[in-house]
Amino acid sequence: MSEPIYQTDALIAEDIDAYLAQHQHKTMLRFITCGSVDDGKSTLIGRLLYDSKMIFEDQLAALESDSKRVGTQGQEIDFALLVDGLAAEREQGITIDVAYRFFSTEKRKFIVADCPGHEQYTRNMVTGASTADLAVILVDARKGVLVQTRRHSYLVHLLGIRNVVLAVNKMDLVDYDQATFDAIVAEYREFASSIGIEAFTAIPISGFRGDNITAAPSDNTPWYDGPSLVEHLESVEVLSGVDSAKPFRMPVQWVNRPNLDFRGFAGLIATGAVRPGDAVRVLPSGKTTTIARIVSLDGDLAQAVAGQSVTLTFADEIDCSRGDVIAVADNPPQVADQFEATVVWMADDAMLPGRSYWLKLATQTVSATIAEPKYEIDVNSLEHLAAKTLELNQIGVAELTTDKPVVFEPYADNRTLGGFILIDKITNATVAAGMLHFSLRRSQNVHWQPTDVSRQHHAALKNQTPKVLWFTGLSGSGKSTIANEVEKRLAVMNRHTFLLDGDNVRHGLNKDLGFTEADRIENIRRVGEVARLMADAGLIVLTAFISPFRAERDMVRAMLPEGEFIEIFVDTPLEVAEARDVKGLYKKARSGELKNFTGIDSPYEPPEQPDIVVNTVEMTPEAAAQHIIHQLMPLK
């Protein structure tokens, strides 16, 4: 077994302050280990921790005890147990969750993420790789390049990691045979070039025995003339160094206003460098100014570069807030609201095209909808497959539309301004991660055409305040009947109205839609857009739709000015609605003739805080309509 080469710096005994200062200013490399199941990822990281003396005595004692009890290496130390912390991982001898570990050498500090190899944990691997500068792809020397090796290599390239190490592990189990190593490298090189990996470093190692981990060549591989794994990790260029050479961009995280005399804009510099006096542009507004000061905890700086967190002050008073991006004035990033992107779906529930999600990109948070995928990518074969949605761990290419312009750059050029996550508006769970490719041409060529007659003028002509009265409830609850009664009363009051009924709309505007979740979402999106246009014309719009999902009702609410969307919950128990069954739909749904019927085999999400509630068990349609009119008064 090779001896570790790490030596405790003599400076630590002579001058602890100088040692700490030197340690603080070491560069940091983030890297991941990935590969097929049981390729030795956790063992390799455990070996790195062990050799770098990052294990306390009590941890080492526990490791020796655990190795004898649940280890896979007989009576010898099982280094994988240092990383596999979950009970399920130790029981099965596999990695499930992403495990992060820190270690350091005399030259550099490291954070390593041990990513799971199983396909069902692709989302975990994507999470670990999203911030990495380098990927160590392990291959078992006995098995060679496997399907999972190809899948992880594709994901590594997809996520923009350009520094790749092919670590051919378990060389001790093939008697350190050079021919075996060379054959694996040749096979991998052919595959890597096909997916765009232009260069990689191949190293023959034994994580268990320590060969070529800290020093190379080991006694067992005299034929190898390259660097050891640690030597390569210490010398490779980190992402912050590459980013510093790019144009300046800093997403604003916080407006720093401690008193009336100071107003600064704090954030982490994503790319480039900035100095006082530099001309900058604030996006998406496009306003320009110059940098007055660069403020940090250690005082004002003459320059700040990628990776530093600073507060910038401007020479001029211009509007800038959280979510804006400060960029070099003569080479700013793009601004758009429609994009093509690669999406990695991370939620247990399938993606619903047309549903509105929160999109978080850098410090920007906007509402976004995702279209039906152009295609799904089979990460094992790299084939493009037809798809109408994406399931857990699936990857596809789709178009995104945001409700307002977003400052961005392609992910290949800028991981900060090109990478995003999608968040469910109801549960606040992260459902997807994605990488922007480019803005759609129509987002640049299609603009709002200004008109001289405003929505306020339309409303004034009708002497009323526009509103959208959104009736929601189960089928058979009485939505259409009550909405009709309300419209009749409004007509008597000389109000200008229009009733959009769920069944009527499906005869024309939405005749192409079915009743799947995705079609229901698109149904409500279209009706919401029509209702908004009618409200812009000054009308009071009544809509009678089951609209079973809160997210879509909230989406329509967000389309309208504050106070114009009135959610009316027609509260009727399922058993009452089913007993009415005027159209015979419940009977068909119960018999299986009618699929995806709300309340039977498709969910209904009742409003949590409706503006108005009517209970049709206790109220007649006429009484319910009168109650709604009373709640709405005055209408002007």
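The structure we're discussing is the one just above.
Every residue gets a number counted from 1 within its own chain, in the order that chain's sequence is written. The model is predicted, so local features are restricted to residues of pLDDT at least 70 and side-chain atom pairs to those at 80 or more, both for listing and for counting; the totals for chains, interfaces and linings are taken over all residues. By convention in this description, side-chain values take in all heavy atoms of the structure and omit both hydrogens and water.

1. Overview of the pattern of salt bridges
Item 1. Think of a salt bridge as a Lys or Arg side-chain nitrogen and an Asp or Glu carboxyl oxygen that are within 4 Å of each other. Summed over all chains, the structure comprises 24 salt bridges.
Item 2. We note a salt bridge from Glu187 to Arg150, for which the minimum N-O separation is 3.6 Å. On the criterion of sequence distance, the pair formed by Glu187 in helix H8 (residues 178-195) and Arg150 in helix H7 (residues 147-158) is long-range, its members being 37 residues apart.
Item 3. Partly exposed describes any residue whose relative accessible area lies between the buried limit of under 20% and the exposed limit of over 50%, with all areas from a 1.4 Å probe on protein chains only and scaled to the type maximum. Under the relative-accessibility criterion, Glu187 is labelled partly exposed at 34%.
Item 4. Using a relative accessible area of 25% as the deciding quantity, one classes Arg150 as partly exposed.
Item 5. Taking the shortest distance from any N to any O, the salt bridge between Arg525 and Glu522 comes out at 2.9 Å. Here Arg525 pairs with Glu522, and both are found in helix H16 (residues 517-536), just three residues apart, close to one helical turn. Numbering of helices and strands runs from the N terminus; a helix is a DSSP stretch of H or I covering at least four residues, while a strand is a stretch of E covering at least two.

2. Section: the sheet that holds strand S5 (residues 163-169)
Item 1. Pairing is mixed across the open sheet formed by six strands, whose spatial order is S2-S3-S1-S4-S5-S6. Of all the strands in the sheet, just strand S2 (99-104) and strand S6 (201-204) have a single pairing partner and so form its edges. Within this sheet the neighbouring strands show an average axis-to-axis angle of 25°, counted without direction.
Item 2. Strands were regarded as paired on the criterion that DSSP finds at least two bridges between them. Across seven bridges, the pairing between strand S4 (residues 134-140) and S5 is parallel. Bridged to Leu138 within S5 is Ala167. For helices, the axis comes from a line fit to the C-alpha atoms of the stretch in contact; other axes are also lines fit to C-alpha atoms, and the angle between any two N-to-C directions lies between 0 and 180 degrees.

3. A word on the packing of H7 against H8
Item 1. In the contact formed by H7 and H8, the axes pass within 10 Å of each other and the chain directions differ by 40°. On the basis of their axis angle, the class for H7 and H8 is oblique. As H7 packs across H8, the resulting crossing turns out to be right-handed. When H7 is examined against H8, the residues Thr149, Arg150, Ser153, Tyr154 and His157 are found in contact with a partner set consisting of Glu187, Tyr188, Phe191 and Ile195.
Item 2. In this classification, Asp, Glu, Lys and Arg are treated as charged, Ala, Val, Leu, Ile, Met, Phe, Trp, Tyr, Cys and Pro as nonpolar, and every other residue, Gly included, as polar. Residues belonging to the contact of H7 with H8 are distributed by class as follows: four nonpolar, three polar and two charged. Small angles under 35 degrees read as roughly parallel and large ones over 145 as roughly antiparallel, with 65 to 115 read as roughly perpendicular and the rest as oblique. Here a crossing is taken to be left-handed if its near helix is turned anticlockwise relative to the far helix by less than a right angle, and right-handed if that turn runs clockwise. Should any heavy atoms of two residues lie within 4.5 Å, those residues are considered in contact.

4. Observations regarding the pairing of strand S24 (residues 430-439)
Item 1. Taking burial as the measure, the ten residues of S24 include seven buried ones, the bulk of the element.
Item 2. The pairing of strand S17 (residues 334-345) with S24 spans seven bridges and is antiparallel. Paired with Thr342 across the two strands is Met435, which belongs to S24.
Item 3. Relative to S24, strand S23 (residues 419-423) runs antiparallel, the two being bridged by five bridges. Bridging from a neighbouring strand, Leu422 pairs with Ala432 of S24.
Item 4. The antiparallel pairing of S23 with S24 creates a hairpin that spans six residues between the two strands, and Asn428 there sits at a positive phi of about 60°.

5. Structural notes on the packing of aromatic side chains
Item 1. Only the six-membered ring of Trp is used, alongside the rings of Phe and Tyr, when aromatic pairs are assigned; centres must lie within 6.5 Å, and planes under 30 degrees apart are stacked while those over 60 apart are edge-to-face, with the rest tilted. On inspection of all chains with the given rule, the structure shows 13 aromatic pairs.
Item 2. Aromatic side chains Phe31 and Phe110 sit 6.2 Å apart centroid to centroid with 85° between the ring planes, which places their arrangement in the edge-to-face category. In this pair, Phe31 sits in strand S1 (residues 27-35) while Phe110 sits in strand S3 (residues 108-114), placing the two residues 79 residues apart along the sequence. Both residues of the pair, Phe31 and Phe110, count as buried.
Item 3. With 6.0 Å between their ring centres and 20° between their planes, Trp470 and Phe545 make a pair best called stacked. Separated by 75 residues along the polypeptide, Trp470 in strand S25 (residues 467-472) and Phe545 in the loop between strand S27 (540-544) and helix H17 (550-559) bring together distant segments of the chain. Like Phe545, Trp470 is buried.
Item 4. Aromatic rings pair up to connect Phe31, Phe103 and Phe110 into one cluster.
Item 5. Positioned above the aromatic ring of Trp358 is the side chain of Lys425, whose terminal nitrogen or guanidinium carbon lies 4.5 Å from the ring centre. Criterion for a charge above a ring: Arg CZ or Lys NZ at most 6 Å from the ring centre, at most 35 degrees from the ring normal.

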